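# Results of the structural survey
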Amino acid sequence: MGAGHSHKLYRHGHSPVHALPPHCKIAAVFCFVLVVVSTPREAVWAFGLYAVLIAAAAGAARVPAGFLLKRLLIEVPFVAFAVLMPFVAEGPRVDVIGLSLSESGLWGAWNILAKGTLGVAASVLLAATTELRELLLGLQRLRMPPQLVQIASFMIRYGDVITDEMRRMRIARLSRGFEARGVRHWGILAKSAGALFIRSYERGERVHLAMVSRGYTGTMPVIADTTATRAQWTRAAALPVAALAVCLLGWTL
Amino acid sequence: MHVPDGFINAPVSVATGVVAAAAVAVSLRGARRELAGAGSGAERTAPLAGLVAAFIFAVQMLNFPVAAGTSGHLLGGALAAILVGPYTGVLCVSVVLLMQGVLFADGGLTALGVNITDMAIVTTVVAYALFRGLVKVLPRGRRSITVASFVAALVSVPAAAGAFTGLYVLGGTADVSIGKVFTAMVGVHVLIGIGEAVITALTVGAVVAVRPDLVYGARGLTQPLELRTVQVAVPGAGAGEVTTAARESAESAPEPASGPAPAAPGPRRSTRRVWLAGVATALVCAGGVSYYASADPDGLEKVAHDQGIDAKAKDHAAKDSPLADYGVKDIGDPRLSGGLAGVIGVGATLAVGTGVFVVVRRRKSAGTAERAVGSV
């Protein structure tokens, strides 16, 4: 697909990571996150090694660090929660720069920050190197029910359409001099949401009829069946296997 | 509130993942039934559920300004359940969460099970069960749909917060006392729930007003078409009268004198009787039964007290209010005081509820009056 059709999170490229079949990448990322989550939080160095692994994968995918770091901002709400934790948690207190903080709370905050950040970084890397359509095909290859994949692909395809519809309604409201300022204006916004629902549902009915008239029976034909060779699986497995080694070291040391 | 990786430990994440997968599998089958139109329904599921999921995704971006710069947005679980049915609701919200996790890294991949269980299943199921129950109890009509969706959305958000606390108890990785997590989560989410409830009720009301046939929760309420013959001599002026008469009789206003007696508009429960019975029950419960209610603090308070956790806990902000701790301040007899507080509580709740009703009714009756004037 050309540039205009891909989603904003995708970064077009021809790196070895881009070339891997999508289901290998999804499996690899999932296993990696699973390994990270099951690492003991006391092994601080292990998380450093994980970060190095992710950085290496990003380097191989030629995704610039700035892009990755900017996308990490999605985590901010939970960072706020993690920062609160040392103040409210139980257990023995330690003094850090004049503040009395809970020791286990500090560990908890570290745990969430480290694991959450690594998880987000891995997902961002996956989304940055895999096209949307491929991602959905990959999920289907991993035995996600085809019906669910279809629903997800409809959601992705029409997400922009519906969002644009909402934007048009907002412009229509603005051009009639309406500006939502407080709770009193919720009624109008809710009417817009209701209209949006009706329009989405009716669009769904039209799409369905259009598809039926083109011979749709409930299943989508698989046009390009991507299969992965053993070499590709091995390459994709490099990340989680390396992480697993770190994790085992973390448990034993 | 999307849970990231590492917030809930691995065994609980896996267990919730299994629960979520089972629920999605069941919902796929149920959604086929809910979305079935004239055909078998299998081929209608994907486009319709997909578009509804896109709608939920988009409506979560619609900002509702609260006051001075802050704003909130809809979570959509209750709304989806009421508009398209519980199975499709679970399915659509799950798909939205899945895509948010995979594409936008919003919510961890390993926490997907937790997120789906919490935000898709609990919210939707609680909201729909409550909605269905209320619609059964309340008198038939458009207004009770709005009221029921208000209550359903109001309860569904703190219920999800409670479920999250439960998961946290089982597999939380941080050492925060459960009482605090519960209080903070449910406290914050009651506030969020009020916003969610208002928006959901308004949105459902807006859809019911235009396309009541699209609202799954209101499907049983549409009355079958009635054919009536009215003897009208003048066709020009008569047309307007016929429609007005039909509309009025549908709302059980006085029947028009002219014309043969139309078919009885079906057995209608008297609203007033239900209302009076409800108030009486609530008053009896609050005033009388609370005599015998346990004076011990409830479970959580007790646990907190026993563990000494609440030593540092701040007292409630309304501690000094005349009704603090379910008693009236200057009345000595604890039983009388408790009963009186209960009665006052019921009265206050009733006043607020009636206020909402009156506002809604006034707006509606103003609309009908305008319509009547227009048709004459």
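What counts as what
Residues numbered from 1 in each chain as written. Chains lettered and ligands numbered in written order. Predicted model: local features only at pLDDT ≥ 70, side-chain atom pairs only at ≥ 80, totals over all residues. Heavy atoms only, no water. Helix = DSSP H or I, 4+ residues; strand = E, 2+ residues; numbered from the N terminus. Buried < 20%, exposed > 50% of the residue type's maximum accessible area, 1.4 Å probe, protein only. Contact = heavy atoms within 4.5 Å. UniProt positions renumbered as here; feature names shortened; annotations may be inferred. pLDDT = per-residue confidence, 0-100. Buried area = accessible area lost by both parts, 1.4 Å probe. Salt bridge = Lys/Arg side-chain N within 4 Å of Asp/Glu carboxyl O. Polar contact = N/O pair within 3.5 Å; in protein donor to acceptor, adjacent residues only side chain to side chain. Domains from an automatic or database assignment. Phe/Tyr/Trp six-rings, centres within 6.5 Å; stacked < 30°, edge-to-face > 60°. Expected span 1.5 Å × (residues − 1). Bend = angle between axes of the 7 residues up to and from the residue. Axes fitted to C-alpha atoms, helices over the stretch in contact; angles between N-to-C directions. Parallel < 35°, antiparallel > 145°, perpendicular 65-115°, else oblique. Nonpolar A, V, L, I, M, F, W, Y, C, P; charged D, E, K, R; others polar. Core = buried A, V, L, I, M, F, W, Y, C linked by side-chain atoms within 4.5 Å. Patch = residues over 30% accessible without salt bridge, like charges linked within 9 Å, V, L, I, M, F, W, Y side chains within 5 Å. Areas by Shrake-Rupley, 256 points an atom, 1.4 Å probe, with all protein chains shown as cover.

## Some words on the overall build of chain B
A count of helices and strands for chain B gives eleven helices and two strands. Starting at the N terminus and walking to the C terminus, you meet the elements of chain B as α-α-β-β-α-α-α-α-α-α-α-α-α. Burial statistics for chain B: of 376 residues in total, 40% are counted as buried. Put simply, 70% of the contacts in chain B that link residues at least 6 apart link residues at least 24 apart.

## Considering the UniProt feature "transmembrane region" (unreviewed entry) in chain A
Residue and element names in this part refer to chain A. The UniProt record marks residues 20-37 and 43-60 with the feature "transmembrane region" (unreviewed entry), using the residue numbering of this structure. The straight-line gap between the two end C-alpha atoms of residues 20-37 is 25 Å; of that span, 89% is helix and 0% is strand. Secondary structure over residues 43-60 splits into 94% helix and 0% strand, and the C-alpha atoms at its two ends are 26 Å apart.

## Considering the side chain of Ser156 of chain B
Residue and element names in this part refer to chain B. Looking at the element boundaries, Ser156 is found in helix 6 (residues 142-171). By relative accessible area, which is 0% here, Ser156 ends up buried. Once residues lying within four places of it in the same chain are set aside, the contact partners of Ser156 are Ala78, Thr123, Val126 and Ala127.

## Side note on the confidence of the model for chain B
Fine structural detail should not be taken from predicted coordinates in areas where pLDDT scores are low. All names here are of chain B. Looking at chain B as a whole, its pLDDT mean stands at 73, while 59% of the residues score no less than 70. Per-element confidence in chain B ranges from a low mean pLDDT of 48 for helix 10 (residues 299-307) to a high of 91 for helix 5 (residues 112-137). Segment residues 238-269: pLDDT under 50, and 23 contacts once partners within four positions in sequence are set aside and those in other chains are kept. Within the model, pLDDT remains below 50 along residues 294-304, and this stretch shows five contacts once partners closer than five positions in the same chain are excluded.

## A few points about the interface of chain A and chain B
The interface is formed by 75 residues belonging to chain A together with 67 residues belonging to chain B. For chain A, the biggest contributors to the area lost against chain B are Met155, Trp186 and Phe197 of chain A; these three give 13% of the whole. Counting across the interface, chain A meets chain B through one salt bridge. Across the pair Glu202 of chain A and Arg211 of chain B runs a salt bridge whose closest N-O atoms are separated by 2.3 Å. Joining chain A to chain B, the criterion identifies four residue pairs in polar contact (both at pLDDT 80 or more).

## Re the pattern of salt bridges
All names here are of chain A. All chains considered together, the criterion is met by eight salt bridges over all chains. Across the pair Asp164 and Arg167 runs a salt bridge whose closest N-O atoms are separated by 3.6 Å. On the criterion of helical spacing, the pair formed by Asp164 and Arg167 is a turn pair, its members being three residues apart in helix 8 (residues 146-175). We classify Arg167 as partly exposed; its relative accessible area is 44%. Through salt bridges that share partners, Glu165, Arg168, Arg199 and Arg203 make up one connected network.

## Brief notes about the UniProt feature "transmembrane region" (unreviewed entry) in chain B
Mapped onto the present numbering, the UniProt feature "transmembrane region" (unreviewed entry) falls on residues 7-28, 48-67, 74-99, 111-135, 147-170, 182-210, 274-293 and 339-360 of chain B. Between the end C-alpha atoms of residues 74-99 of chain B the distance is 18 Å, and the span holds 85% helix and 0% strand.

## Topic: the domain arrangement of chain A
As far as domains go, chain A holds domain 1 (7-139 + 229-252) and domain 2 (145-213). When each unit is reduced to the centre of its C-alpha atoms, the spacing between domain 1 of chain A and domain 2 of chain A is 34 Å.

## Comments concerning the packing of aromatic side chains
Residue and element names in this part refer to chain A. Counted by the stated rule, this structure contains twelve aromatic pairs over all chains. Between Phe32 and Tyr50 the ring centres are 6.0 Å apart and the planes differ by 85°, which places this aromatic pair in the edge-to-face class. Placement of the pair is Phe32 in helix 2 (residues 22-37) and Tyr50 in helix 3 (residues 44-60), with a sequence separation of 18 residues. Take Phe32 and Tyr50: they sit in the same class, and that class is buried. An aromatic cluster of three or more residues is present, and its members are Phe32, Phe47, Tyr50 and Trp110.

## Considering helix 10 (residues 230-252) of chain A
Residue and element names in this part refer to chain A. For helix 10, spanning 23 residues, the distance from its first C-alpha to its last is 31 Å, which sits close to the expected 33 Å at 1.5 Å a residue. Maximal helix bending in helix 10 amounts to about 40°, located at Ala238; proline Pro240 follows within four positions. What helix 10 keeps buried is the set Gln232, Ala236, Leu239, Pro240, Ala243, Val246, Cys247 and Gly250. Those residues of helix 10 hidden inside the fold are in contact with helix 1 (16-19), helix 2 and helix 3.

## Points about the packing of helix 2 of chain A against helix 10 of chain A
Residues and elements named next belong to chain A. Packing of helix 2 against helix 10 brings their axes to within 9 Å, and their N-to-C directions diverge by 0°. The angle between helix 2 and helix 10 falls in the class roughly parallel. Of the residues in helix 10, those in contact with His23, Cys24, Ala27, Ala28, Cys31, Phe32 and Val35 of helix 2 are Trp233, Ala236, Leu239, Pro240, Ala243, Leu244 and Cys247. Here the residues of the contact of helix 2 with helix 10 are counted per class, giving 13 nonpolar, one polar and no charged.

## Observations regarding helix 3 (residues 77-84) of chain B
What sets the pattern is the α-helix's 3.6 residues per turn: residues three or four places apart point alike. Residues and elements named next belong to chain B. Counting buried positions along helix 3 gives eight out of eight residues, so the element sits mostly inside the fold. For helix 3, every residue scored as buried is listed here: Gly77, Ala78, Leu79, Ala80, Ala81, Ile82, Leu83 and Val84. Among the residues trailing helix 3, Gly85 stands out with phi positive, at a value near 100°.

## Things to note about the nonpolar core
It is characteristic of soluble globular proteins that their nonpolar side chains tend to be buried jointly. Counting 124 residues, the largest nonpolar core has Phe32, Tyr50 and Phe197 of chain A together with Leu83 and Met99 of chain B as the members making the most contacts within it. For Tyr50 of chain A, the residues in contact, after removing those within four places along its chain, are Phe32, Val35, Val36, Thr39, Leu118, Ala243, Val246 and Cys247 of chain A. Core analysis: the next-biggest nonpolar cluster, separate from the first, contains 19 residues, Ile112 of chain A together with Val3, Val176 and Met185 of chain B among them.

## Looking at the environment of Val207 of chain A
Structurally, Val207 of chain A can be placed in helix 9 (residues 186-213). For the pair formed by Val207 of chain A and Pro86 of chain A, sequence separation is 121 residues and the distance between their alpha carbons is 52 Å.

## Points about a nonpolar patch on the surface
A contiguous nonpolar surface patch, about 410 Å² in accessible area, is contributed by Trp45, Leu49, Leu249 and Leu253 of chain A. By the element assignment, Trp45 of chain A lies in helix 3.

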